[in-house]
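# Geometric and topological summary
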2 protein chains.
Amino acid sequence: MKQLLDIIRSAHSVAIITHMSADGDALGSSFALALALEQTGKKVTVFLEEPVPKMLDFLPGQHTIGENTEEVFELAICIDTSDMQRLGKRASIYTNAARKITIDHHTTNNMKADGLWIDQKAAAAGEMVYYLIKELKVPINREIAICLYTAIVTDTGGFRYSNTGPQTHTIASELLALEIPFADIAKKVFDIVSHSKMSLMKKTLQNLTLYHNGKTAVSWIKHEDIQPVDAQSDDFEGLVNVGRNLEGVEVSLFLREEVPGHYKGSLRANEYVDVARIASLFSGGGHVRAAGFSMNGKLEEIRDKLLSEIEKVL
Amino acid sequence: MKQLLDIIRSAHSVAIITHMSADGDALGSSFALALALEQTGKKVTVFLEEPVPKMLDFLPGQHTIGENTEEVFELAICIDTSDMQRLGKRASIYTNAARKITIDHHTTNNMKADGLWIDQKAAAAGEMVYYLIKELKVPINREIAICLYTAIVTDTGGFRYSNTGPQTHTIASELLALEIPFADIAKKVFDIVSHSKMSLMKKTLQNLTLYHNGKTAVSWIKHEDIQPVDAQSDDFEGLVNVGRNLEGVEVSLFLREEVPGHYKGSLRANEYVDVARIASLFSGGGHVRAAGFSMNGKLEEIRDKLLSEIEKVL
């Protein structure tokens, strides 16, 4: 940490970069650090691959966003990014900077840096940036607090994922004392549903079918239903949980016809079924209670193959 | 607080009671206090109006539940209850007890007690019980922590309602340090959906219609759709939010045909519309962004009356 602080203190121009498809943690921690470093008199620029998503457009610090990726910086700080490839078109900013710092909480990280700080126990990169700002002795104001809260609340699913630790709540307590609009933030990042996602939800509910005395839930979206609603990839997120959350269900299978005749399957279990093993039978994989696979064929055939394997372990 | 502690310390037999239709906060704080008082050697009995809901059947401390409402106690502690009527058949336990304590965080409370502790700033009764256990110098073990966490997480909607304060997170931090299964608890209390609720959700999505360039969402459930799914009153909770959470929506109207030809209407607004005023035009009322009313008539007529009023203020 001392080395990190020395590198930061000696730099005047700082670029902050994070992974592409930046989420609440990536953006929240980047803007929080940018705002804090600005307070110490540095020239700070945040570089993003895409525009800030509408869902996160309330984040303070967006005045620090820069466009000129040719500019050379004394220091580049890369946040929440495990791999150079995830920097996309902005990799050169990191490579060209005189000095480099990487701050990350992923399990694997192969970034090269003059200062490398990896903490796999941090629930969010936002937690690490919080500690860094503390070490830099920059007071956390309301704008920084909004960024850090957003980072932490999104990466912990609202303090619910198992990565949440006692320290997560301790930090949240300090941020709430700054009277941030935490209820509005949570509403914006968790509740608002796009029109395309709502259409997919509707189809998912319509198609939801129970098997094995209600222990297995299956639902699907056909390609012909995806096309007209202009669905984005993240619109599909969580649709497998519609079945999983139904009372009495142990295994939920969700099939998405990505291109005609080609299905992407998601499997979730609640208590005891090892869905990673089931997915592996179809060249897929994942975690014990959350796995996936891909398969060509007809919906009914794929469904029946899976159902027969699920039945064996219920 | 000193008076409260004195009353508690001098009692050997203690009855704990809470309001009927006990929720996570009512049950969690009751069992937490029961477990803590047991540790000090007291004989503690918790009296409930109904069985513990399935959703909360993981709560420790259920061995303290008693049935004999004729028993007379040295002390009765009433938790999270603003009014004697909410004690139902158990009111006599409170009345007959030699001494009485009331612990509550509601805005209005008209209970009579030898020790009355009302804290409207507490996010949950569970927060107050946490402080009380601390004052009693009883160590908070994992079982008590599970009860307190459940109380707090349910009454704050997962740390999201505006009643959540910095102290809420400070307490949560201490409870998480005891390695409680907080992710499982949140899943059980927030995610699991009953079959009847899923049917109502499906209908709500199917009927969802947008007006006023997508700023108003309307949905409804007809009496003929409620009957076959054996829906309970709390299955309807949150259905108005399906429309409210849709991107671009300002006002959401949900109509539930309670008996044929009689509708209960819920109104929600996101940013600026005063739905309490709209509800008041139809003899209803509520808060600025959450209100309700009742009306007899045909679905289309009621919908059109509301739409015309909503349109004026969009």
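Bear in mind that the values here come from a model prediction, so they are computed numbers and not experimental data.

### So, the environment of Ile16(A)
All names here are of chain A. With respect to the element layout, isoleucine 16 can be found in strand E1 (residues 13-18). Through-space distance from the C-alpha of isoleucine 16 to that of glutamate 224 is 42 Å; in sequence the pair is 208 residues apart. Apart from residues lying up to four places away in sequence, isoleucine 16 is in contact with Ser30, Leu33, Ala34, Val44, Val46, Ile77 and Ile79.

### Here we look at helix H8 (residues 195-207) of chain A
A rise of 1.5 Å per residue sets the reference length of H8(A), with its 13 residues, at 18 Å; its end C-alpha atoms lie 19 Å apart and thus fit the reference within 8%. Those residues of H8(A) lying buried are Lys197(A), Met198(A), Leu200(A), Met201(A), Thr204(A) and Leu205(A). The arc enclosing the buried residues of H8(A), seen along the axis, measures out at 160°, which places them on a common side. Where H8(A) is buried, its residues contact strand E7 (216-221) and helix H10 (240-244) of chain A together with helix H8 (195-207) of chain B.

### Observations concerning the interface of chain B and chain A
Often the size quoted for an interface is simply the accessible area lost on bringing the parts together. Each partner contributes to the interface: chain B provides 30 residues, whereas chain A provides 30 residues. When residues of the side of chain B that touches chain A are traced back to their parent elements, those giving at least two are helix H6 (166-176), helix H7 (182-191) and H8 of chain B. Taken together, the residues of the side of chain B that touches chain A sort by class into 15 nonpolar, 11 polar and four charged.

### Section: the sheet that holds strand E7 (residues 216-221) of chain B
For sheets, the rule is that strands pair by backbone hydrogen bonds, running either parallel or antiparallel. Residues and elements named next belong to chain B. Reading across from one edge, E6-E7-E8-E9-E11-E10 is the order of the six strands in this open sheet, with mixed pairing throughout. At either margin of the open sheet sits one strand with a lone partner, and together these are strand E6 (209-211) and strand E10 (285-286). Sheet topology note: the E6/E7 ladder contains three bridges and is antiparallel. Within the sheet, the bridge partner assigned to leucine 210 lies in E7 and is alanine 217. Sitting on the sheet, H8 touches E6 and E7, and the angle it makes with E7 is about 135°. In this fold helix H12 (residues 299-313) packs onto E6, E7, strand E8 (251-259), strand E9 (262-269) and strand E11 (290-296), with an angle of close to 155° to the strand it touches most, E8.

### Quick look at the confidence of the model for chain A
Detailed reading of predicted coordinates is not advised where the pLDDT is low. For chain A, per-residue confidence averages 95 on the pLDDT scale, and residues scoring 70 or more make up 100% of the total. Interface confidence in the predicted complex, given as ipTM, is 0.89; pTM for the same model is 0.89.

### Remarks on the nonpolar core
One recurring pattern in soluble globular proteins is that nonpolar side chains are buried together. One finds Ala32(A), Leu148(A) and Tyr149(A) to be the most contacted residues of the largest nonpolar core, which totals 64 residues. Look past the residues within four positions of Tyr149(A) in its chain and what remains in contact with it is Ala172(A), Leu175(A), Ile180(A), Phe182(A) and Ile185(A).

### Remarks on the domain arrangement of chain A
Domain boundaries assigned for chain A yield domain 1 (2-191) and domain 2 (195-313). Averaged C-alpha coordinates put domain 1 of chain A and domain 2 of chain A at centres separated by 34 Å.

### Concerning the relation of the copies chain B and chain A
Structural alignment of chain B on chain A gives an RMSD of 0.1 Å, achieved by rotating through 180° and translating 0.0 Å along the axis. What the superposition gives is, in effect, a two-fold axis relating one chain to the other. Ranked by how close their C-alpha atoms come to the rotation axis, the residues of chain B are headed by His169(B), at 2.5 Å. Residue by residue, 100% of the interface of chain B is reproduced at the interface of chain A, so both copies engage with the same surface.

### Quick word on the packing of helix H5 (residues 142-155) of chain A against helix H6 (residues 166-176) of chain A
Residues and elements named next belong to chain A. Put simply, H5 and H6 touch, their axes get as near as 10 Å, and they point 150° apart. Relative to H6, H5 is oriented roughly antiparallel. When the axes of H5 and H6 are compared, the crossing they make is left-handed. Of the residues in H6, those in contact with Ala145, Leu148, Tyr149 and Ile152 of H5 are Thr168, Ile171, Ala172 and Leu175. When grouped by side-chain class, the residues that make up the contact of H5 with H6 number seven nonpolar, one polar and no charged.

### A few points about the sheet that holds strand E3 (residues 75-79) of chain A
Residues and elements named next belong to chain A. With parallel pairing, the five strands of this open sheet are ordered in space as E2-E1-E3-E4-E5. Looking at strand neighbours, the two that pair on one side only are strand E2 (43-47) and strand E5 (115-118), the edges of this open sheet. When strand polarity is set aside, the average angle formed by the axes of neighbouring strands in this sheet is 15°. Two strands pair when backbone bridges link them, and strand E4 (residues 99-104) and E5 are joined in this way by four bridges, in the parallel orientation.

Conventions we followed
- Residues numbered from 1 in each chain as written.
- Chains lettered and ligands numbered in written order.
- Predicted model: local features only at pLDDT ≥ 70, side-chain atom pairs only at ≥ 80, totals over all residues.
- Helix = DSSP H or I, 4+ residues; strand = E, 2+ residues; numbered from the N terminus.
- Contact = placed C-beta atoms within 7 Å.
- Expected span 1.5 Å × (residues − 1).
- Buried ≥ 20, exposed ≤ 12 C-beta atoms within 10 Å, placed from the backbone.
- Arc of directions from axis to C-beta.
- Nonpolar A, V, L, I, M, F, W, Y, C, P; charged D, E, K, R; others polar.
- Pairing = 2+ DSSP bridges.
- Axes fitted to C-alpha atoms, helices over the stretch in contact; angles between N-to-C directions.
- pLDDT = per-residue confidence, 0-100.
- Core = buried A, V, L, I, M, F, W, Y, C linked by C-beta atoms within 7 Å.
- Domains from an automatic or database assignment.
- Least-squares fit on C-alpha atoms with pLDDT ≥ 70 in both.
- Parallel < 35°, antiparallel > 145°, perpendicular 65-115°, else oblique.
- Left-handed = near helix turned anticlockwise from the far one by under 90°.

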